[in-house]
2 protein chains.
Amino acid sequence: MADIAARLGVSKMTVSRALSRSTRRRSDASEDLRQRILNTCQEMGYVMDQTARTFSSKRSGFIATLIPALNNSNFSDTAHGLTSAVESAGMQVLMGYTDYDMPTEEQLIRTLLMRRPEGIVVTGGSHTPLAKKLLESSGVPVVETWDLLTQPIAHNVGFSNAQAVGELVRALHAKGYRRMGFLGGLPQSDARGADRRQGFLEAMAQLDLDATRTLAIGSAPVSMEAGAQGVVQMLSRWPELEAVICVSDHVAFGALSECQRRGWSVPGRLAIAGFGGFEIAQACHPQITTVAVDSAGIGKVAGQLLLKAIALSRSGQKLAPETVVMPYRIELRGST
Amino acid sequence: MADIAARLGVSKMTVSRALSRSTRRRSDASEDLRQRILNTCQEMGYVMDQTARTFSSKRSGFIATLIPALNNSNFSDTAHGLTSAVESAGMQVLMGYTDYDMPTEEQLIRTLLMRRPEGIVVTGGSHTPLAKKLLESSGVPVVETWDLLTQPIAHNVGFSNAQAVGELVRALHAKGYRRMGFLGGLPQSDARGADRRQGFLEAMAQLDLDATRTLAIGSAPVSMEAGAQGVVQMLSRWPELEAVICVSDHVAFGALSECQRRGWSVPGRLAIAGFGGFEIAQACHPQITTVAVDSAGIGKVAGQLLLKAIALSRSGQKLAPETVVMPYRIELRGST
DNA sequence: TTGAAAGCGCTAACAG
DNA sequence: CTGTTAGCGCTTTCAA
């Protein structure tokens, strides 16, 4: 920066100011000088050192986010929505993925905090005690997403997975289904999956139906293959089963394909529903009934909330904890 | 850090040294003192400032990577492989996604370089001239992945998409297929897709077959829905079509489902093949013939290459450009 | 094994 | 609108 300044016969500060604001403001260099500075940077191959800038200004420009997995489009869509929301404010998303493992999450939180993010977005409300403490004492706004929490750390953007599955159960009930089951992964490996199962149990109980037909197969993320194996196990154990609700569209698709492979009609022999509103549930045949979630919207709202909180904190204020309930939609399709 | 030091009656440097190495080395604090330091950090809620550390040591601990899209499991698997490979060396992956857009890539490269990464991994070899110049003059090792390039910037980890599709064409030819077509997106929107189409054209020409049955529908990433529409258009235009090779498994799955919807037997009426070895191609019924790619392996090898280059550069040397050709496998399945 | 001094490249704060 | 000065929290380097 000093070299650029020397070349143009100005001070470092003038260069710094020209580079630090894309839109001119009061007390910026004149537009002409600003252009000459930018050109010289280009010519000399100068790229501003964000580390030094962060160090001096105490603003990293990072928003840290943790998602369970990268290759689950629900979560990558949330990350995408978050990125879009914050990049207009010049913020960059620093992402980590936990592989659905809480100790990994704690370790990642510690690593991410060392980068001094200006805000943090985590998925869900299950954290190790230390992780929770780290988030609380981080000094920056925290948003927990996807689940609706009774005791959020600060901000919360999500919906009740249990309630959504409950509505799905009632929708299937209204179509005449009675002997319904739930197919998911091991509850301890996935808080959201456990919530969905809980919603199934409660809704069935409310309808005075037998809620014992549930199967847990494998750890999160539950694969399509697990869905295929699961549906076979369920039908052999409960031949009277009329409909199965799966913890995700991936599991539902695995189950659907296995039925097709064995010549079992869907929804004739068995109705199948999923969760998540993934592309595949719409593309396949028959299309799979699902709970469509606004994954990108969750990220976008979380980002907007953070920007608001960050703006306030720069003027010395603090945004009161906010909870935003996101919508979802039961999509009844051919598979039921 | 000064507070921690003061509390224990030692100097900042002792604390710094205790914190900077997880495994003790020569000239570190005694193990007992080291434990007391770590405990005090925990008690006082101290989290080391990586920004200051980077600033002082000139090592960011970042590996920057650019992928076309987050929600394509091929690329997210590569990112996953890269992360696993470098995290053991204490490196963190800083990710950006280009949405298959080259100007966006250029902008992201500029942004990422400001964070002073110690290595860069980009997808493919198509970059704007300025992006290429930025990468070349970044001063850190660069790996281009997925495509096999004739003129890589430095290191290259990938395979020939054209050759892979060529092998697929010959495998289908061996099964008796002659009237084959290619279904993909607009070539200018996706260099890899264009390569795959090119491989189709060349292989068909080599076999003395008519290679005119190709359709480009939509920009990358081509959706399942586009695959569904595409297969209908192709069959109405070329009713004699026996087999269609799709630019990705997603497109192939969309095509397959549309055929099922319309009661067209696959592979009876039309054989369908995909590309990428995605989970869905294996889970669906019939299973889809595909080119299985070691996506995670690409990231892993790229990461190892970078670690080697970084280690060398710390001793003042420079790793000569390396090209690693990754394997792929033609998976013949029920859809053909 | 430990400590003291210097400085990394930028921006905040204030002065002009 | 521009410049000067000080300093961000670490690590490097050198000395003990």
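Quick caveat, the model's predicted, so the values are computed rather than measured. (Residues numbered from 1 in each chain as written. Chains lettered and ligands numbered in written order. Predicted model: local features only at pLDDT ≥ 70, side-chain atom pairs only at ≥ 80, totals over all residues. Heavy atoms only, no water.)

1. Observations regarding the nonpolar core
To keep it simple, the criterion reads: Residues enter a nonpolar core if they are buried and are Ala, Val, Leu, Ile, Met, Phe, Trp, Tyr or Cys, with the set joined through side-chain atoms within 4.5 Å. To sort residues, take the accessible area from a 1.4 Å probe on protein chains only and compare it with the maximum for the residue type: under 20% means buried, over 50% means exposed, and anything in between is partly exposed. Residue contacts are defined here by distance: any two heavy atoms, one from each residue, within 4.5 Å place the two residues in contact.
Membership of the largest hydrophobic core comes to 156 residues, with the highest contact counts inside it found for Phe-253 and Ile-272 of chain A together with Phe-253 and Ile-272 of chain B. Apart from the residues lying within four places of it in its own chain, the contact partners of Phe-253 of chain B are Phe-253, Ile-280, Ala-283 and Cys-284 of chain A together with Met-224, Ile-280, Cys-284 and Ile-288 of chain B. The next biggest cluster of nonpolar side chains, apart from the first, holds 43 residues, and it includes Val-142 and Ile-153 of chain A together with Leu-66 and Ala-131 of chain B.

2. What about the pairing of strand E3 (residues 119-123) of chain A?
All names here are of chain A. This is how it is decided: Each helix is a run of DSSP H or I of at least 4 residues and each strand a run of E of at least 2, with the numbering of both proceeding from the N terminus. Between any two strands, at least two bridges found by DSSP are needed for them to pair.
Of all 5 residues making up E3, 5 are buried, and the element is well covered by its neighbours. Every second residue of E3 is oriented toward a common face, with Gly-119, Val-121 and Thr-123 on one face and Ile-120 and Val-122 on the other, all of them buried. By the bridge criterion, 4 bridges tie strand E1 (residues 62-67) to E3 in an arrangement that is parallel. Counterpart to Leu-66 in the pairing with E3 is Val-122. The pairing of E3 with strand E4 (residues 142-147) spans 4 bridges and is parallel. Among the inter-strand pairings, Thr-123 is bridged to a residue of E4, identified as Thr-145.

3. Some thoughts on the packing of aromatic side chains
Selection criterion: A pair of Phe, Tyr and Trp rings is counted when the ring centres sit within 6.5 Å of each other, with Trp represented by its six-membered ring. The angle between the planes then sorts it: under 30 degrees is stacked, over 60 is edge-to-face, the rest tilted. Geometrically, a lysine NZ or arginine CZ counts as sitting over a ring once it is within 6 Å of the ring centre and also within 35 degrees of the ring normal.
According to the stated counting rule, one finds 13 aromatic pairs over all chains in the structure shown. Considering the side-chain rings of Phe-62 of chain A and Phe-62 of chain B, the 5.9 Å spacing of their centres and the 65° angle between planes classify their relative orientation as edge-to-face. Taken together, the residues span two chains, with Phe-62 of chain A in strand E1 and Phe-62 of chain B in strand E1 (residues 62-67). For Phe-62 of chain A, a relative accessible area of 3% puts it in the buried group. Ring centres of Phe-159 of chain A and Phe-275 of chain A lie 6.4 Å apart, and the angle between their planes is 15°; this geometry places the pair in the stacked category. Here Phe-159 of chain A, found in strand E5 (residues 155-159), pairs with Phe-275 of chain A, found in the loop between strand E9 (271-273) and helix H12 (279-283); they are 116 residues apart in sequence, far enough to count as distant. Per residue, the accessibility class of Phe-159 of chain A equals that of Phe-275 of chain A, and both read buried. Taken together, Phe-75, Trp-146, Phe-159, Phe-275 and Tyr-328 of chain A form an aromatic cluster joined through their ring pairs. One residue, Arg-115 of chain A, lies across the ring of Phe-62 of chain B, its end atom 3.7 Å from the ring centre. The side chain of Arg-196 of chain B reaches across the aromatic face of Phe-275 of chain B, ending 3.8 Å from its centre.

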